[in-house]
Amino acid sequence: MAMAKSQSLLTALNWQMAPLDEVVNRALRPFAQRNDARINLTGPSVAIDGHSVMALSLVLHEPAANACKYGAWSNEQGHVMLHWQSGAKNVYLRWTKRDGPPVMPAARSGFGTVLIKKMLGGSGGVTMDFRPDGLICELKLRVADTSIGYRNGDTGPLWQDVQ
């Protein structure tokens, strides 16, 4: 589902880039509906390149699914925070789970950890810190060249037209 929503967004934007907040919202929407009051998304408006859109969609699905099964959303108190900030060439995301069941680092990397590291290893980086009070996952993605997001004389990026 996350991949289909990302592909629809990228198709509307000629596979060049997409606004990060829209990618995040589409990827987390199935999980957030049940946990809307327990998710906090913050960060500036920034576009990420097409490759990063697809990778991030897959990557966000993994910790969100785990939060529902075993983590912050598996109890009544837990919550998830996803914050991002933008630099000149990269955007940095920090996924933090709090107040869920105690986190135990796995003896070996599971499928989700391998997926996250493979999907984003080439575009920047991934760090995962399995703290007893919750997972902190930091991601680095490429910022899109927004000059390609403008059409002849338009004053805004293409994604303003996308619903």
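Residues numbered from 1 in each chain as written. Predicted model: local features only at pLDDT ≥ 70, side-chain atom pairs only at ≥ 80, totals over all residues. Heavy atoms only, no water.

Chemist: What is the right way to read the pairing of strand S4 (residues 79-86) from this model?
Modeler: Relative to S4, strand S2 (residues 39-42) runs parallel, the two sharing 4 bridges. Paired with Asn40 across the bridge in S4 is Met81. The sheet contact formed by S4 and strand S5 (residues 90-98) spans 8 bridges and is antiparallel. Bridge pairing in S5 places Ser86 opposite Val91. Between S4 and S5, which pair antiparallel one after the other, the connecting turn spans 3 residues. (Pairing = 2+ DSSP bridges. Helix = DSSP H or I, 4+ residues; strand = E, 2+ residues; numbered from the N terminus.)

Chemist: What am I meant to see in helix H3 (residues 50-69) here?
Modeler: In an α-helix, one turn spans 3.6 residues; hence positions three or four apart end up facing the same way. End to end, H3 covers 30 Å across 20 residues, agreeing with the expected 28 Å (1.5 Å per residue, within 8%). Burial runs high along H3: 14 of the 20 residues are buried. Between the side-chain oxygen of the N-cap and the backbone nitrogen of Ser52 there are 2.8 Å, and the N-cap of H3 in question is Asp49. (Expected span 1.5 Å × (residues − 1). Buried < 20%, exposed > 50% of the residue type's maximum accessible area, 1.4 Å probe, protein only. Polar contact = N/O pair within 3.5 Å; in protein donor to acceptor, adjacent residues only side chain to side chain.)

Chemist: What am I meant to see in the pattern of salt bridges here?
Modeler: Pairs may arise between side chains of opposite charge once their charged atoms sit close together. Summed over the entire model, instances satisfying the criterion amount to 4 salt bridges. In this structure, Glu138 engages Arg94 in a salt bridge whose closest nitrogen and oxygen atoms are separated by 3.0 Å. A residue pair is termed long-range when its members are at least 10 positions apart, and Glu138 in strand S7 (residues 134-142) and Arg94 in strand S5 qualify at 44 residues. Among the salt bridges present, the one from Asp129 reaches Arg131, with a minimum N-O distance of 2.7 Å. (Salt bridge = Lys/Arg side-chain N within 4 Å of Asp/Glu carboxyl O.)

Chemist: When you look at the confidence of the model for the protein chain in this model, what are you seeing that I'm missing?
Modeler: Any residue range with low pLDDT should be treated as having predicted coordinates unsuitable for detailed reading. This prediction gives the protein chain a mean pLDDT of 76; 74% of its residues lie at or above 70. Looking at the elements of the protein chain, mean pLDDT is at its lowest for helix H1 (residues 2-12), recorded as 53, and at its highest for S4, recorded as 93. Taken as a whole, residues 147-163 scores under 50 in pLDDT and shows 24 contacts with residues more than four places along the chain or in a different chain. (pLDDT = per-residue confidence, 0-100. Contact = heavy atoms within 4.5 Å.)

Chemist: Looking at this structure, how should I read the sheet that holds strand S6 (residues 125-131)?
Modeler: The 5 strands are arranged S2-S4-S5-S7-S6 in an open sheet whose pairing can be described as mixed. Each end of this open sheet is capped by a strand with a single partner; those strands are S2 and S6. Between one strand and the next, the sheet's axes are offset by a mean angle of 10 degrees, whatever the strand orientation. Across the sheet, H3 is in contact with S4, S5 and S7; its angle to S5 comes to roughly 10 degrees. (Axes fitted to C-alpha atoms, helices over the stretch in contact; angles between N-to-C directions.)

Chemist: Can you help me understand the environment of Arg94 in this one?
Modeler: Take Arg94: its relative accessible area is 35%, and that puts it in the partly exposed class. Considering only alpha carbons, one finds Arg94 and His83, 11 residues apart in sequence, at a separation of 5.3 Å. Setting aside residues no more than four positions away along its own chain, Arg94 makes contact with Met81, Leu82, His83, Arg131, Ile136, Cys137 and Glu138. A polar contact of 3.0 Å, which involves the side chain of Arg94, links it to the side chain of Glu138.

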